[in-house]
Amino acid sequence: MKMQVLRFILCSIIASFAGLNLAAGSVPPPGANGAHFCGNTGQQQDNRRYARTITNLDVGAPRTVRMIYFLPNDRPYRAEVVHRIKDQMLGIRTFFAEQMDAHGYGYATFHIETDPENHPIVHRVDGRHPDSYYSGDTVGTVRDEISSAFNLEANVHLIVIDNSETQINSDGRSVAGVGERKSKTGGYALVSDEFISTTAIHELGHAFGLNHDFRSNAYIMSYGLRPRRLSACSAEYLAVHPYFNPDTSIDEGESNSIIETISPRTYPRGSQSVPVHLKISDSEGLHQVHLLVDTMEPHPGAGFREVKECRGLAGDTDTVVEFNYDGINPSDRSTDLSNSANHRIRVSAVDADGNVTDATFSLTEISPYHIATLAEHLPAGFSVAFSTDGVTLATGSWDGTVKLWGVATLREIASLQVHTIGISSVA
């Protein structure tokens, strides 16, 4: 009798702290009215419908990582997974703090959601479907259900799925985890329960906005078997991230950095490298600029961006940054400029308030037979044709014009507005 009374009192205390969105301790599910359900393990496993009716979990404190335990509806609830999520997250927070301190930014790390007694909170979300449903497109299916209750753009979320395959499926590939930045203060990291310790730290890096960095296998943003370090580039980026710096605004500022190339975007065949000069300005003051490239097949990170080089800008409002691009991808050091006649380069500028601006441009190899560049019809020029006598060249453009050029003089003869849409072919 005393134990029953004690249980009733304990449940009342928990319920008084619980809101619609909070799950304390080992995350027992709430009842249909949103209040916490206190009962034994068997009762907890049977009472699993609440995630379908919760519609307002968008209340997380700013600058806070929220943890979610996602359970397909034919999988048993496992308290040990929830405890592992909490333990691993505490270790991940410590790792970031120690690494930031090692790079000279103080013992800075992110906050996690806690209850009034400062215990980590893990939200249990019961999936609407069985385990097999989430195996084909784990990322898309889980993200859709989570998004109906949690705003992934308002907070960073660590989502751990308790599935049978021990991995997740993304774009037809089986991977240990996926992470994505959704906004200045939001994003998600999705991992299988088997890979919390080895993968969550990497995917949380993506949720914060870090790109892959394969310049060293020791970096957490690489695919090294035992990543142990935060790169200097990553630490500098996080130094103005709102989760690591309380002075950084949580408001989604305008991405208004101006990024221009002031060096030629062409290079002669046989070049070993290309000088890339960028003029970058931002009224807020610039913090950092990244030179990024796309990871190529057959690397498992193909299709995503990776860090090629990184520069700190120390609050400059207007500066010129110089890179020397050699065509080598850190993820595949067999590449060089001869690997392709066109190299797509990405530039990411971070201002002093943590806002990010991206720009993309191409470096193009010049043929040894190159005679001239008809700059007056670039970059909109699309199609060309010589006259039968070889005297005149016609160029068609996306702006609906056709220009005629004298081949001998390389001068424009005429400009004809022939259409309201782009000219895809001339003859």
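Residues numbered from 1 in each chain as written. Predicted model: local features only at pLDDT ≥ 70, side-chain atom pairs only at ≥ 80, totals over all residues. Heavy atoms only, no water.

## Structural notes on the overall build of the protein chain
Note the following rule: Secondary structure elements are taken from DSSP: a helix is a run of H or I of four residues or more, a strand is a run of E of two residues or more, and numbering for both begins at the N terminus. Residue burial is assigned from relative accessible area. The probe radius is 1.4 Å, only protein chains are included, and a residue is buried under 20% of its type maximum, exposed over 50%, and partly exposed in between. When checking whether two residues touch, look at their non-hydrogen atoms; a contact exists if any pair is within 4.5 Å. Surface accessibility follows the Shrake-Rupley procedure with a 1.4 Å probe radius. Residue values consider only the protein chains on display as shielding.
Assigned secondary structure in the protein chain consists of six helices and 20 strands. Burial status across the protein chain gives 49% buried among its 427 residues. Counting contacts in the protein chain only where the partners sit at least 6 residues apart, residues at least 24 apart contribute 60% of the total. Carbon and sulfur atoms make up 52% of the accessible area of the protein chain, which amounts to about 20,700 Å² in all.

## Quick look at the pairing of strand E9 (residues 258–261)
To be explicit about the condition: The pairing criterion for strands is at least two bridges between them, as found by DSSP.
Going residue by residue along E9, you find Ile 259 and Thr 261 tucked away on one face and Ile 258 and Glu 260 left uncovered on the opposite face. Summarising the sheet, E9 and strand E11 (residues 274–281) pair through four bridges and their orientation is antiparallel. Residue Ile 259 lies in a different strand from E11, and its bridge partner there is Ile 280.

## Examining the nonpolar core
Selection criterion: For our purposes a nonpolar core is just a set of buried Ala, Val, Leu, Ile, Met, Phe, Trp, Tyr and Cys residues, chained together by side-chain atoms within 4.5 Å.
Phe 96, Phe 110, Leu 158 and Phe 208 are the most contacted members of the largest nonpolar core, which totals 41 residues. When contributions to this core are tallied by element, the ones reaching two or more residues are strand E1 (64–71), helix H3 (79–102), strand E4 (156–161), strand E8 (187–192), helix H5 (196–208) and helix H6 (232–238). Here this core takes eight residues from H3, the largest share from any one element. With near-sequence residues (within four places) excluded, Phe 208 lies in contact with Val 65, Phe 96, Phe 110, Val 156, Arg 181, Tyr 237, Leu 238, His 241, Tyr 243 and Phe 244. Ile 259, Leu 286, Ile 345 and Leu 363 belong to the second-largest nonpolar core, a separate cluster that totals 20 residues.

## Details of unusual backbone geometry
Generally, phi is negative for residues other than glycine and the peptide bonds are trans, each holding for most cases. Of the consecutive residues Glu 297 and Pro 298, the connecting peptide bond is found in the cis state with omega at 5°. Tracing the backbone shows Pro 298 in the loop between strand E12 (286–294) and strand E13 (305–312). Residues other than glycine seldom take positive phi values, yet Leu 410 does so here, at roughly 60°. Summarising the element assignment, Leu 410 is placed in the loop between strand E19 (401–406) and strand E20 (411–417). By relative accessible area, which is 41% here, Leu 410 ends up partly exposed.

## Topic: the pairing of E4
Burial runs high along E4: six of the six residues are buried. Side chains of E4 alternate between two faces, with Val 156, Leu 158 and Val 160 and His 157, Ile 159 and Ile 161 buried alike. Both E4 and E8 contribute to a ladder of six bridges, which runs parallel. Counterpart to Ile 161 in the pairing with E8 is Ser 192.

## Considering the packing of aromatic side chains
Which entries qualify depends on this criterion: What counts as a ring pair is set by centres within 6.5 Å for rings of Phe, Tyr and Trp (its six-membered ring), and what kind of pair is set by the plane angle: stacked under 30 degrees, edge-to-face over 60, tilted for all other angles.
In total, this model carries twelve aromatic pairs according to the counting rule given. Judged by centre distance (5.9 Å) and plane angle (70°), the ring pair of Phe 96 and Phe 110 falls under edge-to-face. Of this pair, Phe 96 sits in helix H3 while Phe 110 sits in the loop between H3 and strand E2 (111–112), and the two are 14 residues apart along the sequence. The two residues Phe 96 and Phe 110 agree in class, both being buried.

## Comments concerning the sheet that holds E12
Through backbone hydrogen bonds, the strands of a sheet pair up, either in parallel or in antiparallel fashion. Operational definition: Here, axes are lines fitted to C-alpha atoms. For helices the fit covers the stretch in contact, and angles between N-to-C directions go from 0 to 180 degrees.
With mixed pairing, the five strands of this open sheet are ordered in space as E10-E16-E15-E12-E13. Every interior strand has two partners, whereas the edge strands, strand E10 (266–268) and E13, have only one. Mean inter-strand twist for the sheet, computed between neighbouring axes without regard to direction, equals 25°. Both strand E15 (residues 342–351) and strand E16 (residues 356–366) contribute to a ladder of nine bridges, which runs antiparallel. Opposite Arg 344, over in E16, you have Ser 362 as the bridge partner.

## Notes on the confidence of the model for the protein chain
Keep this limit in mind: Per-residue confidence from the predictor is given as pLDDT, running between 0 and 100.
With 84% of its residues at a pLDDT of 70 or more, the protein chain shows a mean pLDDT of 83. Element-level mean pLDDT values for the protein chain span from 32 in helix H2 (residues 41–46) up to 98 in H6. Across residues 1–56, confidence stays below pLDDT 50; counting only partners more than four residues off in sequence or on other chains, it has 86 contacts.

## Overview of the environment of Gly 390
Structurally, the position occupied by Gly 390 is in the loop between strand E17 (381–386) and strand E18 (392–397). With a relative accessible area of 34%, Gly 390 lands in the partly exposed category. C-alpha of Gly 390 to C-alpha of Val 407: the two residues are 17 residues apart in sequence and 7.4 Å apart in space.

## Things to note about the sheet that holds strand E14 (residues 318–325)
Strands sit in the order E9-E11-E14 across an open sheet of three strands; the sheet is antiparallel. Each end of this open sheet is capped by a strand with a single partner; those strands are E9 and E14. Ignoring strand direction, the axes of neighbouring strands in this sheet form an average angle of 25°.

## Concerning H3
Note the following rule: Every helix has an expected span of 1.5 Å times one less than the residues it contains.
Over its 24 residues, H3 extends 35 Å from the first C-alpha to the last, a length consistent with the 34 Å expected when each residue adds 1.5 Å. Of the surrounding secondary structure, the elements contacted by the buried residues of H3 are E1, E2, strand E3 (122–126), E4, H5 and H6. Directly beyond the C-terminal end of H3, a positive phi value near 90° is found at Gly 104.

## A few points about H5
The end-to-end C-alpha distance of H5 is 17 Å, a good match for the 18 Å that 13 residues give at a rise of 1.5 Å each. Within H5, eleven of the 13 residues are buried, which leaves the element mostly enclosed by the surrounding structure. Among the residues of H5, Ile 196, Thr 199, Ala 200, Ile 201, His 202, Glu 203, Leu 204, Gly 205, His 206, Ala 207 and Phe 208 are the ones counted as buried. The secondary structure elements touched by the buried residues of H5 are E1, H3, E4, strand E7 (177–181), E8 and H6.

## Some words on the pattern of salt bridges
Defined as follows: Between Lys or Arg on one side and Asp or Glu on the other, a salt bridge is scored when a side-chain nitrogen of the former is within 4 Å of a carboxyl oxygen of the latter.
Enumeration according to the criterion identifies 16 salt bridges in this entry. Arg 78 is the partner of Asp 162 in a salt bridge, and the nearest nitrogen-oxygen pair spans 2.9 Å. Of this pair, Asp 162 sits in the loop between E4 and strand E5 (168–170) while Arg 78 sits in the loop between E1 and H3, and the two are 84 residues apart along the sequence. Accessibility expressed as a relative area gives 0% for Asp 162, which makes it buried. With a closest N to O distance of 3.6 Å, Glu 412 and Lys 403 form a salt bridge. Each of Arg 75, Arg 78, Arg 84, Asp 162 and Asp 193 takes part in a single network of salt bridges with overlapping partners.

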